[in-house]
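Understanding the architecture of this molecule
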Amino acid sequence: GFGVVDTSWQQIAAERSVNDFREIVSYRLSSDGGFEKVGPDGELKHGKLSENSYRNKASTYGKMLGATREDIINDDLGALASIPTQLGLDGGMKLNEVFWTEFLDNATFFSEANGNLVANNALSIEGLSAALKAFRALKDESGRILGSTPAILLVPPSLEVLSGQPY
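A brief look at the structure comes next. (Residues numbered from 1 in each chain as written. Predicted model: local features only at pLDDT ≥ 70, side-chain atom pairs only at ≥ 80, totals over all residues. Heavy atoms only, no water.)

Turning our attention to the overall build of the protein chain. For the protein chain, the helix and strand inventory stands at four helices and two strands. The order of helices and strands in the protein chain, counted from the N terminus, is β-β-α-α-α-α. For 167 residues, the compact-globule formula gives about 15 Å, and the C-alpha radius of gyration of the protein chain, at 24 Å, lies well above that figure. With the C-alpha coordinates of the protein chain rotated into their principal frame, the extents come out at 85 × 45 × 30 Å. Considering the protein chain as a whole, with its 167 residues, one finds that 8% of them fall into the buried category. (Helix = DSSP H or I, 4+ residues; strand = E, 2+ residues; numbered from the N terminus. Rg over C-alpha atoms; globule rule 2.2 N^0.38 Å. Buried < 20%, exposed > 50% of the residue type's maximum accessible area, 1.4 Å probe, protein only.)

See below:
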């Protein structure tokens, strides 16, 4: 059951193992800029690294189902055999619920000030053009244009068909 649930979150997120349930801090290093031209003496300039930190905490979710001896004996159709599939489905659904709730409620990351949010932007040619313009203007911590090519258009299920239309 777990394997049939949507896993699109894996395309935009990284997984990390943890040892316990204490809050963890993950770090991402970034440099202070790009390469510099090497002079005739061959000397390379020293760069500097800075770090961004992200906090996270593991949690446990679960469910226990019980069946009596009588339920087991009376299960002529083998219905109880589907319980592991149902538990797997419930687990996958809960993972999606927790991930997408956290992802969509991240106003400190997704903001117009960070350049990664275009507010009140409808899914249309004009809206996609505005989003692409904002994406192409994204800069790293040292102020360099990222130069990345967008590869994923995340939309809610209500816009899935519209987002797949050729323009």
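Tracing the sequence through the fold places Thr7 in the segment before β1 (24-31). Sequence separation of Thr7 and Asn120 is 113 residues, and the distance between their C-alpha atoms is 27 Å.

Take empty space enclosed by the protein next. Evaluation of the coordinates by the stated rule reveals one cavity of 30 Å³ or more. Volume-wise, the largest cavity comes out at about 40 Å³. Contributing to the lining of the largest cavity are Phe2, Val5, Asp6, Thr7, Trp9, Gly92, Leu95 and Asn96. In the lining of the largest cavity, the residues fall into four nonpolar, three polar and one charged. (1 Å grid on protein atoms, 1.4 Å probe; cavity = no way out; pocket = protein on both sides within 12 Å on 5 of 7 lines; lining within 4 Å. Points joined across faces, edges and corners; volume = space filled by probe spheres on them. Nonpolar A, V, L, I, M, F, W, Y, C, P; charged D, E, K, R; others polar.)

What follows covers the layout of surface pockets. Empty space within the second largest pocket amounts to approximately 220 Å³. Around the second largest pocket, the lining residues are Ser31, Asp32, Gly33, Gly34, Phe35, Glu36, Val38, Leu44, Lys45, His46 and Gly47. Residue composition of the lining of the second largest pocket, grouped by class: three nonpolar, five polar and three charged.

The next point concerns the packing of aromatic side chains. Throughout the structure, instances matching the rule amount to six aromatic pairs. For the pair Trp9 and Phe99, a centre-to-centre distance of 5.8 Å together with 40° between the ring planes defines the contact as tilted. Pair noted here: Trp9 is in the segment before β1 and Phe99 is in helix α2 (residues 83-104), with a separation of 90 residues, a long-range link. Of the two residues examined, Trp9 and Phe99, each falls in the buried class. An angle of 70° between the planes, with centres 5.2 Å apart, marks the rings of Phe103 and Phe110 as edge-to-face. We classify Phe103 as partly exposed; its relative accessible area is 22%. A relative accessible area of 27% places Phe110 in the partly exposed class. Ring-pair connections join several aromatic residues into one group, and the members of that group are Trp9, Phe99, Trp100, Phe103, Phe109 and Phe110. (Phe/Tyr/Trp six-rings, centres within 6.5 Å; stacked < 30°, edge-to-face > 60°.)

Let us look at the side chain of Ser111. Turning to its location among the elements, Ser111 is positioned in the loop between α2 and α3 (125-136). At 3.1 Å, the side chain of Ser111 and the backbone nitrogen of Asn114 are in polar contact. (Polar contact = N/O pair within 3.5 Å; in protein donor to acceptor, adjacent residues only side chain to side chain.)

Turning next to α2. The end-to-end C-alpha separation of α2 is 31 Å, in line with the 32 Å expected for 22 residues at 1.5 Å each. Of all the residues in α2, the buried ones are Gly88, Gly92, Asn96, Phe99 and Trp100. Seen end-on, α2 carries its buried residues on one side only, within an arc spanning 90°. (Expected span 1.5 Å × (residues − 1). Arc of directions from axis to C-beta.)

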